[in-house]
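Observations on the three-dimensional arrangement
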Amino acid sequence: VQLQAYGGGLVQAGGSLRLSCAPSENTFGSGVSGWYRQAPGMQRELVASISSGGVTTYDDSVKGRFTISRDNAKNTVYLQMDRLKPEDTAVYSCFAYLRLGARSGYYWGQGTQVTVSS
């Protein structure tokens, strides 16, 4: 099983993008899920996470601009990114705890590039 991330791209500062992340096969549901990002030469940082019950956490740098949400019926996690800034430019990767019986555990998606031009 793989996590598939979509929605990256190039946008001007102040614009919006929405990232999506979903597993490649049906699961028995998912636990905590979220998004990391890594800019060139920088450490990876946790952008946002959401529990199976909808409790969210955000890095201070994105609070008030990014919104993480999930559709449990579709096993999909979203990251709505508004008022984007050039410093948001990074490769964004999703993760999720997938319930797959004996294969349950944390899975990672491939990164998707987000580039914000000034």
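Quick summary incoming for the structure in this document. The shown structure was predicted, so the numbers you read here are calculated from the model rather than taken from an experiment.

Observations concerning the packing of aromatic side chains
In the structure shown here, the tally under the stated rule is 5 aromatic pairs. An angle of 45° between the planes, with centres 5.3 Å apart, marks the rings of Tyr36 and Trp108 as tilted. With Tyr36 in strand β4 (residues 30–38) and Trp108 in strand β10 (residues 105–108), this pair connects stretches of sequence that are 72 residues apart. Here Trp108 falls in the partly exposed class, since its relative accessible area comes to 39%.

Looking at the environment of Gly34
If you trace the backbone, Gly34 turns up in strand β4. Judged by relative accessible area, which is 0%, Gly34 ranks as buried. Aside from chain neighbours lying at most four places away, what touches Gly34 is Ala48, Ser49, Ile68, Ser93, Cys94 and Phe95.

Brief notes about the pattern of salt bridges
Summed over all chains, the structure comprises 5 salt bridges. For Glu45, the salt bridge identified is with Arg37, shortest N-O distance 2.5 Å. In this structure Glu45 comes out as partly exposed when scored by relative accessible area, which is 29%. By relative accessible area, Arg37 is classed as buried at 6%.

Rules used in this analysis
- Residues numbered from 1 in each chain as written.
- Predicted model: local features only at pLDDT ≥ 70, side-chain atom pairs only at ≥ 80, totals over all residues.
- Heavy atoms only, no water.
- Phe/Tyr/Trp six-rings, centres within 6.5 Å; stacked < 30°, edge-to-face > 60°.
- Helix = DSSP H or I, 4+ residues; strand = E, 2+ residues; numbered from the N terminus.
- Buried < 20%, exposed > 50% of the residue type's maximum accessible area, 1.4 Å probe, protein only.
- Contact = heavy atoms within 4.5 Å.
- Salt bridge = Lys/Arg side-chain N within 4 Å of Asp/Glu carboxyl O.

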